[in-house]
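Remarks on the overall topology
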Amino acid sequence: MNITVENLTKQYGTQKAVDDISFQVKTGEILGFLGPNGAGKTTTMKILTCFMAPNEGDVKIGDYSIHDHQDEIKTKIGYLPENNPLYYDMPVLEYLSYTANLQSVPKEKINDTIIDMVQVCGLNDEKHKKIGELSKGYRQRVGLAQAMIHNPEILIFDEPTSGLDPNQIIEIRNLIKRIGRQKTVILSTHILPEVEAICDRILIINKGKIVADGTSDTLRKQAQGEEMLRIKIEDETNKDLIFESLRSIDSVEMIDPIADTINTYMIQSKSGQSSRRAIFQLCVRKNWTLTEMTPVETKLEDIFRELTT
Amino acid sequence: MTKTWIIAVRELKSFFDSLIAYILIVVFLGLSGFFTWLFGSDIFFIGQATLQPFFAVAYWTLFFFIPALTMRMIAEENRSGTIELLLTKSVTDWQVVLGKFSACLLLIVIALVLTIPYYITVASIGNVDHGAVWCGYLGLLLMSTVYISIGLFASSITSNQIVAFLLSLFIGVFFLIIFSVLASDSTGLVGEILNYLNMQSHFESVSRGVIDTKDLIYFLSISLFGLILAETMVSKRNIVD
């Protein structure tokens, strides 16, 4: 099911939490929602799940609009809210059957789906405990299980891996990847490697506006623009000679010797050009030994920092 | 309707899981039994086979107990954030409010059903006006719906249970005492309105066995008003300015 967000605006008092954002998510896509604290991620999710009404704009889920078809939309969405609120006084199984009932899972299927969810989310050993007695990671799993219990076509997770240990994080990521193939998934996080690991597409929002939209590769290319190389040349003691020779290469824009290392340079090429071949040939001509040449990629962290500060 | 029932069953179970239900029932039966059979103007003191002493006590005990039941119903969900989870399920705001209302009412019904032995005892020692007894129970139920809906409203506007408890007592005490005090000091239309709002006279006329539509309308309209306010507060998040 496709999600279309059109000109969504939400105001709290005078403050615009979400400011005229529009985007689309297609079936089978896992969209990572990135942004600093208070950027409007959670507000957008609350609007998508019909918990709050926007001041302006519309969200279409398939053909349903959040203004007119709340009931239909609610059955299509599985939602894991921020901080994972649950009834701590209820046992896991009882809670899951309660949500299954509320989400209109047919009576005869309830037992099977609960058993299924308990397996998928790895809750088997804890299923008879009260939710309040579980550790944070297990509570998170209960949250995921309740979101997916009615086999919704759209999953919206607000920080799904917070509070999990590294093994659990990898399990949950794999789980999301697996279910993400047939469903539409939107997840928010501020763990950047997580976005790269699971999301097909990244949406960075800041102060209620979308500042970047694309796959992690396209974002990197956009941010990077020019080629950056880190090279190390040995068997030459005259630093000035190296520097001058490198400067004579046409495609080189800037040379930056790295402090505290011997003969290591950062080289930025002119935009759209590559200096790799020229550098290699220079070394061959001068009989220098080139021991390192690494293209430097812009990290997602850098993109994030650049866009949101 | 079924969703309302699912919510009501969960809430009722959570009353019993958290001991609230047992404490309420034991204290309610203890207090009302004490004043009905042993102390003050009890049945033996009056010397009549009537449940009037019980109804008079229950009139007061329910006033205190119902806010204790309702205080956490919505306030706790607001505090812990589970309200978000609940309302993004395929339920409407009305189903949530009515589900919680039904759960409270069911618990009161259970507590009242457990006082049926009082009725049987009284019936075995004298000639009881059976109609009046059933009307008395009906009066208690109608009164409970009023206090429950007031309590739910109080609970819906805060995330603090104590605030919800005190607020519902505060609103309730108007219907219990303050309107009648004010009514006795006022004349004309104002006095009549205040007198109509006073719960005592309505409750007494129902529990004497006189079921007047005027009284039914009184109880049901206040309950409905309370529920509408509670629902409005729950759906307030949707209001955009």
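Since the structure is predicted, the reported quantities are computational estimates derived from the model, not experimental observations.

Along chain A, the regular secondary structure elements total eleven helices and 14 strands. A compact globule built from 309 residues would reach a C-alpha radius of gyration of about 19 Å, whereas chain A, at 25 Å, exceeds it by more than 25%. Considering only C-alpha atoms, chain A reaches an extent of 80 × 45 × 30 Å along its principal axes. By residue count, 38% of the 309 residues in chain A fall in the buried class. Of the contacts made within chain A by residues no fewer than 6 positions apart, 68% connect residues no fewer than 24 positions apart.

So, about the packing of helix α2 (residues 20–38) of chain B against helix α4 (residues 52–80) of chain B. Residues and elements named next belong to chain B. For the pair α2 and α4, the least separation of the axes is 9 Å and the interaxial angle reads 155°. Of the possible angle classes, the one that applies to α2 and α4 is roughly antiparallel. For the pair α2 and α4, the crossing hand works out as right-handed. Judged by residue contacts, Ile-20, Leu-24, Phe-28, Leu-31, Ser-32, Phe-35 and Thr-36 of α2 engage Pro-53, Phe-54, Val-57, Ala-58, Thr-61, Phe-65 and Leu-69 from α4. Its residues assigned to classes, the contact of α2 with α4 shows eleven nonpolar, three polar and no charged.

In terms of domain boundaries, chain A breaks down into domain 1 (3–214) and domain 2 (226–296). Just the C-alpha atoms count here: the centres of domain 1 of chain A and domain 2 of chain A sit 48 Å apart.

Listed as interface residues are 19 residues of chain B and, on the opposing side, 22 residues of chain A. Residue assignment for the side of chain B that touches chain A shows that the elements contributing at least two residues are α1 (2–17) and α5 (82–87) of chain B. Among the elements that line the side of chain B that touches chain A, the one with the most residues is α1(B), at five residues. Here the side of chain B that touches chain A is built from residues that sort into five nonpolar, eight polar and six charged.

Chain-level pLDDT for chain A is 86 on average; 99% of the residues reach the 70-or-more range. Averaged pLDDT values for the elements of chain A fall to 73 in helix α8 (residues 216–224) of chain A and rise to 93 in helix α3 (residues 92–102) of chain A.

Here we come to the sheet that holds strand β12 (residues 252–257) of chain A. Residue and element names in this part refer to chain A. Across the sheet, which stays open at both edges, the four strands sit in the order β12-β13-β11-β14 with antiparallel pairing between neighbours. Edge positions in the sheet fall to β12 and β14 (289–295), since each has one partner strand and no second. On average, each strand axis in the sheet is inclined to that of its neighbour by 25°, with strand direction left out of account. By the bridge criterion, six bridges tie strand β11 (residues 228–234) to β14 in an arrangement that is antiparallel. Note that in β14 the partner of Glu-234 across the bridge is Thr-289. Where helix α9 (residues 239–247) meets the sheet, its contacts fall on β11, β12 and β13 (264–269), and the angle it forms with β12 comes to roughly 160°.

So, on to the pairing of strand β4 (residues 56–61) of chain A. Residues and elements named next belong to chain A. Inspection of the sheet shows strand β1 (residues 3–12) paired to β4 by five bridges, in the antiparallel sense. Considered in β4, the bridge of Ile-3 is made with Ile-61. Where β4 meets strand β5 (residues 64–65), two bridges bridge the pair, whose relative direction is antiparallel. Residue pairing in the sheet places Lys-60 in a bridge with Ser-65 of β5. Two successive antiparallel strands, β4 and β5, enclose a turn made up of two residues, where Gly-62 displays a positive phi of approximately 60°.

As a further point, take the environment of Ile171(B). Residue and element names in this part refer to chain B. Assignment of secondary structure puts Ile-171 in helix α9 (residues 161–185). Note on Ile-171: 17 C-beta atoms within 10 Å, which makes it partly exposed. Spatially, the C-alpha atoms of Ile-171 and Leu-216 are 20 Å apart, while their sequence positions differ by 45 residues. Not counting residues within four places of it along the chain, the set of residues in contact with Ile-171 comprises Ile-150 and Ala-154.

For the rest of this paragraph, the subject is the sheet that holds strand β2 (residues 15–25) of chain A. Each strand in a sheet pairs with another by means of backbone hydrogen bonds, the pair being arranged parallel or else antiparallel. All names here are of chain A. Pairing is antiparallel in the open sheet, where four strands are placed in the order β2-β1-β4-β5. The open sheet is flanked by β2 and β5, the only strands paired with a single partner. Its contacts with the sheet place helix α1 (residues 41–48) against β1, β2 and β4, and it is angled at close to 120° to β1.

Our focus in this paragraph is the nonpolar core. Counting residues in each nonpolar core, the largest one holds 136 residues, and the members touching the most others are Tyr95(A), Ala145(A), Ile156(A), Leu62(B), Cys104(B), Met143(B) and Leu152(B). Element by element, the count of residues in this core is highest for α4(B), at 14 residues. Contacts of Met143(B), omitting those with residues within four sequence positions, involve Tyr59(B), Leu62(B), Met199(B), Phe203(B) and Phe219(B). Counting eight residues, the second largest nonpolar core, distinct from the first, contains Ile231(A), Ile242(A), Tyr265(A) and Cys283(A).

Here we come to α4(B). All names here are of chain B. Over its 29 residues, α4 extends 43 Å from the first C-alpha to the last, a length consistent with the 42 Å expected when each residue adds 1.5 Å. Maximum bend of α4: about 30°, positioned at Leu-62. Backbone geometry just after α4 places Gly-81 at a positive phi near 85°.

Reading the values: the criteria
- Residues numbered from 1 in each chain as written.
- Chains lettered and ligands numbered in written order.
- Predicted model: local features only at pLDDT ≥ 70, side-chain atom pairs only at ≥ 80, totals over all residues.
- Helix = DSSP H or I, 4+ residues; strand = E, 2+ residues; numbered from the N terminus.
- Rg over C-alpha atoms; globule rule 2.2 N^0.38 Å.
- Buried ≥ 20, exposed ≤ 12 C-beta atoms within 10 Å, placed from the backbone.
- Contact = placed C-beta atoms within 7 Å.
- Axes fitted to C-alpha atoms, helices over the stretch in contact; angles between N-to-C directions.
- Parallel < 35°, antiparallel > 145°, perpendicular 65-115°, else oblique.
- Left-handed = near helix turned anticlockwise from the far one by under 90°.
- Nonpolar A, V, L, I, M, F, W, Y, C, P; charged D, E, K, R; others polar.
- Domains from an automatic or database assignment.
- pLDDT = per-residue confidence, 0-100.
- Pairing = 2+ DSSP bridges.
- Core = buried A, V, L, I, M, F, W, Y, C linked by C-beta atoms within 7 Å.
- Expected span 1.5 Å × (residues − 1).
- Bend = angle between axes of the 7 residues up to and from the residue.

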